[in-house]
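# A closer look at the structure
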2 protein chains.
Amino acid sequence: MSESEQTLPLFFKRVLLTVDADDTDSTKHAFRFAVTYAKDNGISLGIVSVMEMEDINIYDSLSPDRLQKKREAVEEVVKHYANLAKQYGVKSVKSLIGEGGDVDDVVLDQIIPEFHPDLVVCGADMVDARHKSGKTIGLHLAKRASTSVIVVR
Amino acid sequence: MSESEQTLPLFFKRVLLTVDADDTDSTKHAFRFAVTYAKDNGISLGIVSVMEMEDINIYDSLSPDRLQKKREAVEEVVKHYANLAKQYGVKSVKSLIGEGGDVDDVVLDQIIPEFHPDLVVCGADMVDARHKSGKTIGLHLAKRASTSVIVVR
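Here we summarise the structure given alongside this text. (Residues numbered from 1 in each chain as written. Chains lettered and ligands numbered in written order. Predicted model: local features only at pLDDT ≥ 70, side-chain atom pairs only at ≥ 80, totals over all residues. Heavy atoms only, no water.)

## Things to note about the packing of aromatic side chains
- Under the defined criterion, the tally for this structure stands at eight aromatic pairs over all chains.
- Judged by centre distance (5.3 Å) and plane angle (40°), the ring pair of Phe-33 of chain A and Phe-12 of chain B falls under tilted. Placement of the pair is Phe-33 of chain A in helix α2 (residues 25-41) and Phe-12 of chain B in the loop between α1 (3-6) and β1 (14-18), with the two residues belonging to separate chains.
- Overall, Phe-33 of chain A belongs to the buried group, its relative accessible area being 2%. (Phe/Tyr/Trp six-rings, centres within 6.5 Å; stacked < 30°, edge-to-face > 60°. Helix = DSSP H or I, 4+ residues; strand = E, 2+ residues; numbered from the N terminus. Buried < 20%, exposed > 50% of the residue type's maximum accessible area, 1.4 Å probe, protein only.)

And the structure:
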């Protein structure tokens, strides 16, 4: 890379925001950063939430009704943030729902290959809160993703 | 936080870029993101490199001459990036040099309290490359810092 290439501007073109139902301050900050960046740069914003099957007990998992309710709750969260993003002025907003055993794996193996972001945005609570598996979500994304990752506090 | 507060724009106001002498692609991408963001938003950019005393053998550490040479090499790296940032059009650029046993600790305990960034930018190589101590630098920053952290690939 030459000196002139080193100082070429670098914008992210597709930003993926991970949100969850726990409406924490860091999720809100992550949302605010993502919509600000997406609007200012006229880029696409994907908003994803993952329904973690691990969190669902065996009784619920056997009941299609209860499973459907949980699915709808996750969809509701994404829809809420997607609407706010559109109201804020982000032109291209895509809602994404993941489902699986582990947020990291679902985002890495299903959502990123589907949406092709070059930046993943997550709130710090995803980092601070430890998973059942003992993994910290945002950090594992930052380590394993092929994209850039921002952890917002 | 009300709905209207949720969609307030969120800009970072002081960005700290960590660089090192290993002039990797991810450091260059991190630099390009940092200068783009700092220029576009008219904010302050700090550029830091840390002289790791762990990397210095006992012979060198006892020689003021050799120590001075290593210090100058680290200063040179920061100066190089600071000059490029100014050329690119970032108005407020501050060069920072850290010195200590561990990059993470130095950034967290010395540099962040001095510069007060609200975003720390580091290249993914700081994450991928394992430290002698077995820690990954960027990830520990992301976990321990009180600021937001972006790992750029």
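Once the structure has been displayed, the description carries forward.
## Here we look at the relation of the copies chain B and chain A
- Note on the identical chains: chain B maps onto chain A by a rotation of 180° and an axial translation of 0.0 Å, with an RMSD of 0.0 Å. Taken together, the rotation and translation relating the two chain copies correspond to the operation of a two-fold axis. When C-alpha positions in chain B are compared against the rotation axis, the closest is assigned to Ile-150 of chain B, at 2.0 Å.
- Counting the interface residues of chain B, we find that 100% of their copies in chain A are interface residues as well, pointing to one common contact surface. (Least-squares fit on C-alpha atoms with pLDDT ≥ 70 in both. Contact = heavy atoms within 4.5 Å.)

## Here we look at the environment of His-116 of chain A
Residue and element names in this part refer to chain A.
- Among the secondary structure elements, His-116 is positioned in the loop between α5 (103-115) and β4 (119-123).
- Separated by 70 residues in the primary sequence, His-116 and Gly-46 place their C-alpha atoms 9.5 Å from one another.
- In this structure the side chain of His-116 is engaged in a polar contact, spanning 3.1 Å, whose partner is the backbone oxygen of Pro-113. (Polar contact = N/O pair within 3.5 Å; in protein donor to acceptor, adjacent residues only side chain to side chain.)

## Digging into the interface of chain B and chain A
- With 41 residues of chain B at the contact, the number on the chain A side is 41 residues.
- With both chains or domains summed, chain B and chain A bury close to 3,600 Å², and 58% of this area falls on carbon and sulfur atoms.
- At the boundary of chain B and chain A, one finds zero salt bridges.
- Taken together, the links from chain B to chain A amount to 18 residue pairs in polar contact (both at pLDDT 80 or more).
- Sorting the residues of the side of chain B that touches chain A by element identifies α1, α2 (25-41), α4 (64-88), α6 (125-128), α7 (137-144) and β5 (148-152) of chain B as the ones contributing at least two each. (Buried area = accessible area lost by both parts, 1.4 Å probe. Salt bridge = Lys/Arg side-chain N within 4 Å of Asp/Glu carboxyl O.)

## Let's talk about the pattern of salt bridges
- In this structure the tally under the stated criterion is four salt bridges over all chains.
- A salt bridge links Arg-71 of chain A to Glu-99 of chain A; the shortest N-O distance between them is 2.9 Å. Here Glu-99 of chain A lies in strand β3 (residues 93-100) and Arg-71 of chain A lies in helix α4 (residues 64-88), a separation of 28 residues in the sequence.
- In this structure Arg-71 of chain A comes out as partly exposed when scored by relative accessible area, which is 22%.
- Put simply, Arg-144 of chain B and Asp-105 of chain B hold a salt bridge, and the shortest N to O gap is 3.1 Å. Residue Arg-144 of chain B is found in helix α7, and its partner Asp-105 of chain B is found in helix α5 (residues 103-115); the two are separated by 39 residues along the sequence.

## Here's the deal with unusual backbone geometry
- Positioned with a positive phi, His-116 of chain A is a non-glycine residue whose angle comes to about 55°.
- Residue classification places His-116 of chain A among the exposed positions, given a relative accessible area of 54%.

## Quick word on the packing of α2 of chain B against α4 of chain B
All names here are of chain B.
- Put simply, α2 and α4 touch, their axes get as near as 10 Å, and they point 40° apart. Taken as axis vectors, α2 and α4 run oblique relative to one another. For α2 against α4, the interelement crossing comes out right-handed. Across the interface between the two elements, Thr-27, Lys-28, Phe-31, Val-35, Thr-36 and Lys-39 from α2 touch Tyr-81, Leu-84, Ala-85 and Tyr-88 from α4. (Axes fitted to C-alpha atoms, helices over the stretch in contact; angles between N-to-C directions. Parallel < 35°, antiparallel > 145°, perpendicular 65-115°, else oblique. Left-handed = near helix turned anticlockwise from the far one by under 90°.)

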